[in-house]
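Structural overview
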Amino acid sequence: MQRALGLAAQAAEAGEVPVGAVVVQGGEVIGEGFNQPISASDPSAHAEVMAMRAAARQQQNYRLPGATLYVTIEPCTMCFGTLIHARIGRVVYGATEPRAGVITSQLQLPEQNFFNHKVQVEGGVLAEEAGALLKDFFRKRR
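Notes on the structure follow. Here the residue index of a chain counts from 1 through its sequence in written order. For a predicted model such as this one, the threshold for reporting local features is a pLDDT of at least 70, and the threshold for listing and counting side-chain atom pairs is 80 or more; totals across whole chains, interfaces and linings nevertheless cover every residue. No hydrogens and no water enter the side-chain calculation; it runs on all heavy atoms of the structure.

Position of Glu 74 among the secondary structure elements: in the loop between strand 3 (68-73) and helix 3 (77-85). Although buried, Glu 74 forms no salt bridge, and the nearest oppositely charged side chain, Arg 99, lies 12 Å from it. In the analysis that follows, any N or O atom pair within 3.5 Å is treated as a polar contact, provided that within protein one partner can donate a hydrogen and the other can accept it, and provided that, for residues neighboring in sequence, both atoms belong to side chains. There is a polar contact of 3.5 Å between the side chain of Glu 74 and the backbone nitrogen of Val 102. At a separation of 2.9 Å, a polar atom in the side chain of Glu 74 contacts the main-chain amide nitrogen of Ile 103. Contacts are assigned to residue pairs that have any heavy atoms within 4.5 Å of one another. Once you skip the residues sitting within four places of it in the chain, Glu 74 turns out to touch Tyr 93, Ala 95, Thr 96, Glu 97, Gly 101, Val 102, Ile 103, Thr 104 and Ser 105. Numbered from the N terminus, helices here are DSSP runs of H or I no shorter than four residues, and strands are runs of E no shorter than two. Burial classification: accessible surface area is computed with a 1.4 Å probe over protein chains only, and a residue below 20% of its type maximum counts as buried, one above 50% as exposed, and the rest as partly exposed. For the purpose of charge, His is not counted, nor are the chain termini; Lys and Arg are scored as positive and Asp and Glu as negative. Criterion for a salt bridge: a side-chain nitrogen of Lys or Arg within 4 Å of a carboxyl oxygen of Asp or Glu.

Here's what the structure looks like:
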């Protein structure tokens, strides 16, 4: 999660919302990314998606079974759907996202029975640090 926080700081330096993500499999980082929808002119360029894209390229497989996605903030609907399609085994997130987070804050998607894949979830890891990055970023923009 420390690495994801460093990536989130890179996003903030680039003027993007500070979210970072890392995909780990077998104790090895296989993909990482940070938010870049503005700089990439790509609405899907969230940190989680960027990290899973990098991991899939590295593994030469769009499926990432057994991998863990570490992300600084609770994933949104798009990112959760992507990790389901990638067959990520576990997601670990930092701060909750009360408006758009879909793991615990809103839709509780991991608890739904209609998906063909189940994801283990752990939240609140380095939540204060992740939340502080976001608060500082938005405070400076106001």
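Here the narrative resumes.
Looking now at the pattern of salt bridges. Applying the stated criterion across every chain, the model contains four salt bridges. Close ionic contact of Arg 90 with Glu 122 constitutes a salt bridge, the shortest N to O distance being 2.6 Å. With Arg 90 in strand 4 (residues 90-95) and Glu 122 in strand 5 (residues 120-122), the pair connects residues that are 32 residues apart, well separated along the chain.

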